[in-house]
Amino acid sequence: MLVLALDTATPASTAALIEVTADGLSGVAESRTVDPRAHGEKLAPEIAAVLAEAGVRPRDLTAIVAGLGPGPFTGLRVGLATAASMGQALGIPTYGVCSLDALGRAAGPGRVLIATDARRREVYYATYADGERVSGPDVAKPADVAVNADKSAGEGALKYGDVFGLPVEEHLLYPPGAALVAIAAGRIRAEAPSEILTPLYLRRPDAVEPAGRKPVLT
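Residues numbered from 1 in each chain as written. Predicted model: local features only at pLDDT ≥ 70, side-chain atom pairs only at ≥ 80, totals over all residues. Heavy atoms only, no water.

A. Structural view of the sheet that holds strand β5 (residues 94–97). Read across the open sheet, the five strands follow the order β3-β2-β1-β4-β5; overall the sheet is mixed. In the strand order of this sheet, the two ends are held by β3 (24–34) and β5, each with one partner. When the angles between neighbouring strand axes are averaged without regard to direction, this sheet yields 20°. Direction of pairing for strand β1 (residues 2–7) relative to strand β4 (residues 63–67): parallel, over a ladder of four bridges. Paired with Leu-4 across the bridge in β4 is Ile-64. (Pairing = 2+ DSSP bridges. Helix = DSSP H or I, 4+ residues; strand = E, 2+ residues; numbered from the N terminus. Axes fitted to C-alpha atoms, helices over the stretch in contact; angles between N-to-C directions.)

B. Inspection of unusual backbone geometry at higher detail. Of the consecutive residues Gly-69 and Pro-70, the connecting peptide bond is found in the cis state with omega at 10°. Looking at the element boundaries, Pro-70 is found in the loop between β4 and α2 (73–90). In the segment running from Gly-136 into Pro-137, the intervening peptide bond is cis, with an omega of 5°. As for its placement among the helices and strands, Pro-137 is situated in strand β8 (residues 132–140). Positive phi, close to 65°, is recorded for Arg-119, a residue that is not glycine. Since its relative accessible area comes to 37%, Arg-119 is described here as partly exposed. (Buried < 20%, exposed > 50% of the residue type's maximum accessible area, 1.4 Å probe, protein only.)

C. Broad picture of the sheet that holds strand β6 (residues 111–119). One open sheet holds the four strands; their spatial order is β8-β7-β6-β9, and the pairing between them is mixed. Each of the sheet's edge strands pairs with one partner strand only, and the pair in question is β8 and β9 (151–153). Strand after strand, the sheet turns through a mean of 20° between neighbouring axes, direction not considered. Bridge analysis of β6 against β9 gives three bridges, and the strand direction is parallel. Bridge assignment links Val-112 to a residue of β9, and that residue is Lys-151. Across the sheet, helix α3 (residues 99–106) lies against β6, β7 (122–129) and β8, angled at about 45° from β7, the strand it touches most. (Contact = heavy atoms within 4.5 Å.)

D. Local environment of the nonpolar core. Formed by 22 residues in total, the largest nonpolar core has its most connected members in Leu-4, Leu-6, Ile-47, Leu-61 and Ile-64. Where this core is concerned, the elements lending two or more residues are β1, β2 (12–21), α1 (39–54), β4 and α2. A per-element tally of this core places α2 first, with five residues. Ignoring anything within four residues of it in the chain, the contact list for Leu-6 reads Thr-14, Ala-15, Leu-43, Ile-47, Ile-64, Val-65, Ala-66, Gly-67, Gly-79, Thr-82, Ala-83 and Leu-180. (Core = buried A, V, L, I, M, F, W, Y, C linked by side-chain atoms within 4.5 Å.)

E. Focus on the pairing of β2. Extensive coverage of β2 is indicated by the burial of eight of its ten residues. Bridge count between β1 and β2: six bridges; the pairing is antiparallel. Bridge pairing links Leu-4 to Leu-17 in β2. Between β1 and β2, which pair antiparallel and follow one another directly, the connecting turn spans four residues.

F. Looking closely at the environment of Val-56. Note that Val-56 resides in the loop between α1 and β4. On a C-alpha basis, the gap between Val-56 and Leu-2 in space is 9.4 Å, while along the polypeptide they are 54 residues apart. Non-local contacts of Val-56, meaning those with residues more than four positions away in its chain, are made with Leu-2, Leu-17 and Leu-51.

Structure, rendered in structure tokens:
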């Protein structure tokens, strides 16, 4: 089973191609660009690049796994809209995974704080024990995050490392495609029905509707 993984919940846009077998999975290709303002421009070329590297076509895909966030509104919706539209066009199922869970799984054993940049001097965060989430996801200022971990991962953890006071897994800043697929592997193998990709925003977007017009005559 050839699975496409997409994530745009962080400043990085990621596309990865993963082979899922009956007893495991293996990475085929992955492309990532770190630019918080260019998810819309970078994701489609990344998808094309990983397919070309593997020598496969979109119709060879079995399923699509997408990171649900939490993440900023504009970037996150790029990945989810792309996954949903591709799944519909190809007639293949789509599955959602919390993006922080992918980092937590990839961080391995131990107690881990996962934090990604939420802007406004805040982080999206969750804590994990041996790859399983034990709290979160939530959003808060770094100083307000209760730290009960031995190490940390995620670009938010690196950015606010002086506040958290934890060793940072600097090789693990963005959700890996293989970890996203690993979490969804049971659903993929069972050929579970396609899921609605509901984003984890955790807070309202920065943009607000304009207020009603004020009268100029009194």
